Each structure stands twice: as C-alpha cells, then as structure tokens.
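Here are the chains, one letter per residue:
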Amino acid sequence: MAAVTTGRRNAADVSRPLDGLLVADFSRVLAGPLATMHLADLGATVIKVERPGAGDDTRAWGPPWTEHSSSYFECVNRSKYSLALDLAEPADQACARELAVRADVLVENFRPGALAQYGLDYDTVAARNRRIVYCSISGFGSGAGADRPGYDFLVQAVGGLMSITGDRDGEPTKVGVALVDVLTGKDAVMGILAALTARSRHGHGDHVEVDLLSSLLGGLVNQAAAFLTTGRAPGRMGDQHPSIAPYETLQCADGVLAVACGNDQQFRRLACVLGRPGLTEDARFATNAARVANRRRLVDALETQLRTLPADEWERRLTAVGVPAGQVGDIASAIEHATNLGLAPLVDPGGGSPAQIRHPVRFTAAGVAPAGPPPGVGSDQEQLLAWLGDPSTTLQHPAER
C-alpha cells in the first residue's frame, strides 16, 4: 500500500475556498453524496440527513465492509456530520426545515416534487431563505421523466454509453465504475459553485438542477458530436479511437502496451524507436487521417516490431522520447504510480476507516480541508439538535472536531 497522509493541519494555518459555508445534504447513494463530499473537502461544513436506523442505502452495499460500514458508503461520505431524521414525523420535519433555513446550500435527490409535502421544496425553502443555493439531482429531469428511477447502470444503457463500450463484435458493456453518477456529482458541484458566485454579486440564491441523462450526454463529447455531424450513431471499437491512430493497445512480446499518438510528430518518434522510420513516408501512414483509414495495416506494421521485446522495455524507450505509452495496470498499480510521481493520492480519514483517494484538486494559496471519518447514522444527533435550537451557536468543520 502506498504511503498515506492525513491531510490534517491547524485551521489557522490556511484558508479554504468554502470555509464557513453550510451545506444541508438530503441526498443518498452516489452522485449527491459525492458532490457534498467535494464541498466538504473544499472547507464547507456538511450535515448529512439520513433515515433513522438504516441511513443511506449504500451503508448496506457490500462487500467489501469496513469496520463501521461499507467501503461504498465511506468513499463518498467523509468529513460530514450525520443527523437522523424521519421526515414523516412533524418534529423531525421541523428540524429539517430549520436546517434548510440556516443552510447556504441544500442538495437533494428525492423524486422530483417529493419534498414539497414536507415543506422542503425549493419554493418553500427559498421563501424563508432567499440566499439558498438549492441543488436537485434526478435521473431524467423534473419534466416527463420525473417518475423514472435514476440508476447509473440504467442511464449507461439508455443514454448510449454502453453502445460505444466493449469489443466491436461483443455485447454492449457498462463502464466498470458508476461513471454517470460521478459525472453528475461533479456537474452538481460546478452548478453550485456557479450559483454561489452569482449570489455574491446579487444577494440571492438559485435552484440548480442536474440529471444523470444530461450529464452523460454532456460527457459523450466527441462521440455525440460525431453523430450530430454525420447522422450515424458510433459503435463499439474496443480499445481503439474513432478519430486517432495509433491510439489503442498494441501487442508486445509478453502482453499489450497502450500507445496514444495524438499528432504526427509523436508518430514519427514512435516509428524511429521501432526502427521503422520509413513508415512516416508511406502515404498510408503519413498523416493521422491516413492512419485512421489504414488502421489495420498500421497495427500489423507496428506489432511486427513491438512483438520483439517486452512491453515494459518498449514503455521505457517510448516514454524517454515523449511518446505516450504505458502498460495496462490495475487500481493497485495506478495508486502506486501516482505515489511514485509524488501526487500523494491517499488520505487517512481516521476513526478506523481505511485510506481514501484524496480530493483531486490542489491550490497554491488555499487548501483543502482535513480528511475526517465518515459518520455513523445519527452519530452527531445531540450536538446538531442543540445547534438547531440555538441560532447563535456555530459548528466546526466535521474533520476538526
């Protein structure tokens, strides 16, 4: 295991971008909790509202299990308070409404319109808290798709991502992580930060809406553009790229090597390292467009040379001359690689929780918050109820308790 840092420092040592911001987190599963954890990493104080007893659905999504919960839950819920509220109970509804009135940001992923019965919809909350930035996350928007459940796998299927993932002659394949949820969570953060910036100018908040299908379509970038340009839906190409060559895995003596030549200069370097400089003068391979049109012949020519040596030797030689190349690793080797590059990818949240991947953004002047342990269901109940009952009190960032 790579070295782990705690990320802890005295609060007086550095300011953080979102210090003093209060976030009411009424979300569950992945997209919403990921968004609010990113806000916590940036300094916001996040209060996670959960069902008494069971809590967030992902607490039961294992294996693997941690000492206190599931690794799935813990990976997107560090550095938060937990407040257990049954929204069907009037007293708990009142607490939830008070939290919404006190908050700068509210994030929720209930079925569109469902929170109105508790007085927690945007219009009701904004009537009492005009500065609220209220973020709603759904699967298919608040219109005709409002009643359709939004699960990442479903959206990968109906949103076209599976149609371009997998081998050319194989079955449609989902991506190996809930990528649509991740994209949506990051879009939610972007929308929230934009609304906060606007609030600083004109004094009132906004209703930010994101949905899984729209975030996926936005993430299809060049593949969606290819369809809109040609009218033909792209298909699966395995490891190959529809518009660049060589940009794929190539067979070496002992396995495959990922080679990503994004321009003609990189291809010339590749050809020289392979001992085939003449490839760059061949009309079939002289330009990227020609290489894409003659991909099969190109791959045959490259693999004839690559099969003479192991993948790690070719990686060393190509990297030395600036050709993007690397062996296909796993998550363990990826973390080790990041560690060796000095990226310090891991943090220790403490509290008996395993190491976690750090917040991906770094700042020169500001900093990110210390990593704090994910909460138990209602673990901060007494403190939070006392705070809600006394508006003059303040809360520390959860990681600094």
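Please read all numbers here as calculations on a predicted model, not as lab measurements.

Q: What exactly am I supposed to notice about the overall build of the protein here?
A: Within the protein, the secondary structure is distributed over 14 helices and 11 strands. Oriented by its inertia axes, the alpha-carbon framework of the protein measures out at about 75 × 50 × 45 Å. Residues classed as buried in the protein amount to 45% of the 401 residues present. Excluding contacts between residues fewer than 6 apart, the proportion of contacts in the protein whose partners are at least 24 apart in sequence is 68%. Between the centroid of the 37 positive side chains of the protein and the centroid of its 45 negative side chains there is a distance of 6 Å.

Q: How should I be thinking about helix α6 (residues 179-202) in this particular structure?
A: Because the α-helix completes a turn every 3.6 residues, residues three or four places apart line up on one side. Under the 1.5 Å per step criterion, the end-to-end length of α6 is 35 Å for 24 residues, consistent within 8% with the ideal 34 Å. Those residues of α6 lying buried are Val 180, Asp 181, Thr 184, Gly 185, Ala 188, Val 189, Gly 191, Ile 192, Ala 195, Leu 196, Ala 198 and Arg 199. Turning to α6, the residues buried within the fold contact α1 (31-41), β4 (105-108), β5 (133-138), α5 (152-158), β6 (206-211) and α7 (212-219). Positive phi shows up at Gly 203, right after α6, with a value of about 90°.

Q: Please clarify how unusual backbone geometry should be interpreted in this entry.
A: What you tend to see is this: most non-glycine residues have negative phi, and most peptide bonds are trans. Omega for the bond connecting Gly 62 with Pro 63 falls within 30 degrees of zero, at 5°, which places this linkage in the cis form. By the secondary structure assignment, Pro 63 is in the loop between β2 (45-50) and α2 (71-74). A cis amide bond, omega -10°, links Ala 245 with the succeeding residue Pro 246. Here Pro 246 shows up in the loop between α8 (221-230) and β7 (247-251). Even without being a glycine, Ala 344 presents a positive backbone phi close to 45°. Tracing the sequence through the fold places Ala 344 in the loop between α13 (331-340) and β10 (346-347). Take Ala 344: its relative accessible area is 31%, and that puts it in the partly exposed class.

Q: Sorry, what's going on with the layout of surface pockets here?
A: A water-sized probe, rolled over the atoms, reveals where empty space remains. For the second largest pocket, the calculated volume is near 400 Å³. If you trace the second largest pocket, you find 21 residues lining it, with Leu 161, Ile 164, Thr 165, Asn 222 and Gln 223 closest to the centre. Of all the secondary-structure elements, those providing two or more residues to the lining of the second largest pocket are α6, α7 and α8. Top element by residues in the lining of the second largest pocket is α8. It accounts for three residues. In terms of residue class, the lining of the second largest pocket is built from 11 nonpolar, nine polar and one charged.

Q: Mind showing me how you'd approach the pairing of strand β8 (residues 256-260) here?
A: A regular strand places its side chains so that they alternate between the two faces of the sheet. Residues of β8 alternate between two faces, with Leu 257 and Val 259 buried on one and Val 256, Ala 258 and Ala 260 left unburied on the opposite face. Sheet topology note: the β7/β8 ladder contains five bridges and is antiparallel. Among the inter-strand pairings, Glu 248 is bridged to a residue of β8, identified as Val 259. The hairpin turn running from β7 into β8, its antiparallel successor, is four residues long, and Gly 255 in that turn takes a positive phi close to 160°. Pairing analysis gives three bridges linking β8 to strand β9 (residues 325-327), with the strands arranged antiparallel. Along β9, the bridge assignment pairs Val 259 with Ala 325.

Q: Explain the packing of aromatic side chains to me, please; I cannot follow it from the model alone.
A: Two numbers describe a pair of aromatic rings. These are the distance of the centres and the angle of the planes. This structure, assessed with the given rule, holds two aromatic pairs. Ring plane angle 85° and centroid distance 5.2 Å describe the contact between Trp 61 and Tyr 72, whose orientation is recorded as edge-to-face. Highlighted residues: Trp 61 in the loop between β2 and α2 and Tyr 72 in helix α2, separated in sequence by 11 residues. Looking at Trp 61, the relative accessible area reads 33%, which means it is partly exposed. Residue classification places Tyr 72 among the partly exposed positions, given a relative accessible area of 27%. Between Tyr 122 and Tyr 134 the ring centres are 5.7 Å apart and the planes differ by 70°, which places this aromatic pair in the edge-to-face class. On the criterion of sequence distance, the pair formed by Tyr 122 in helix α4 (residues 122-128) and Tyr 134 in strand β5 is long-range, its members being 12 residues apart.

Q: Help me out: how do you make sense of the side chain of Glu 50 in this one?
A: Inspection of the secondary structure puts Glu 50 in strand β2. Among the polar contacts made by the side chain of Glu 50, one reaches the side chain of Arg 59 at a distance of 2.8 Å. Those residues within four positions of Glu 50 in sequence are excluded, and the remaining contacts are Gly 55, Asp 56, Arg 59, Phe 73, Ser 82, Leu 83, Ala 84, Leu 85, Gly 376 and Val 377.

Calculation rules
Residues numbered from 1 in each chain as written. Predicted model: local features only at pLDDT ≥ 70, side-chain atom pairs only at ≥ 80, totals over all residues. Heavy atoms only, no water. Helix = DSSP H or I, 4+ residues; strand = E, 2+ residues; numbered from the N terminus. Buried < 20%, exposed > 50% of the residue type's maximum accessible area, 1.4 Å probe, protein only. Contact = heavy atoms within 4.5 Å. Lys, Arg positive; Asp, Glu negative; His and termini not counted. Charge placed at Lys NZ, Arg CZ, Asp CG, Glu CD. Expected span 1.5 Å × (residues − 1). 1 Å grid on protein atoms, 1.4 Å probe; cavity = no way out; pocket = protein on both sides within 12 Å on 5 of 7 lines; lining within 4 Å. Points joined across faces, edges and corners; volume = space filled by probe spheres on them. Nonpolar A, V, L, I, M, F, W, Y, C, P; charged D, E, K, R; others polar. Pairing = 2+ DSSP bridges. Phe/Tyr/Trp six-rings, centres within 6.5 Å; stacked < 30°, edge-to-face > 60°. Polar contact = N/O pair within 3.5 Å; in protein donor to acceptor, adjacent residues only side chain to side chain.

What is shown is where atoms sit, not what they do.
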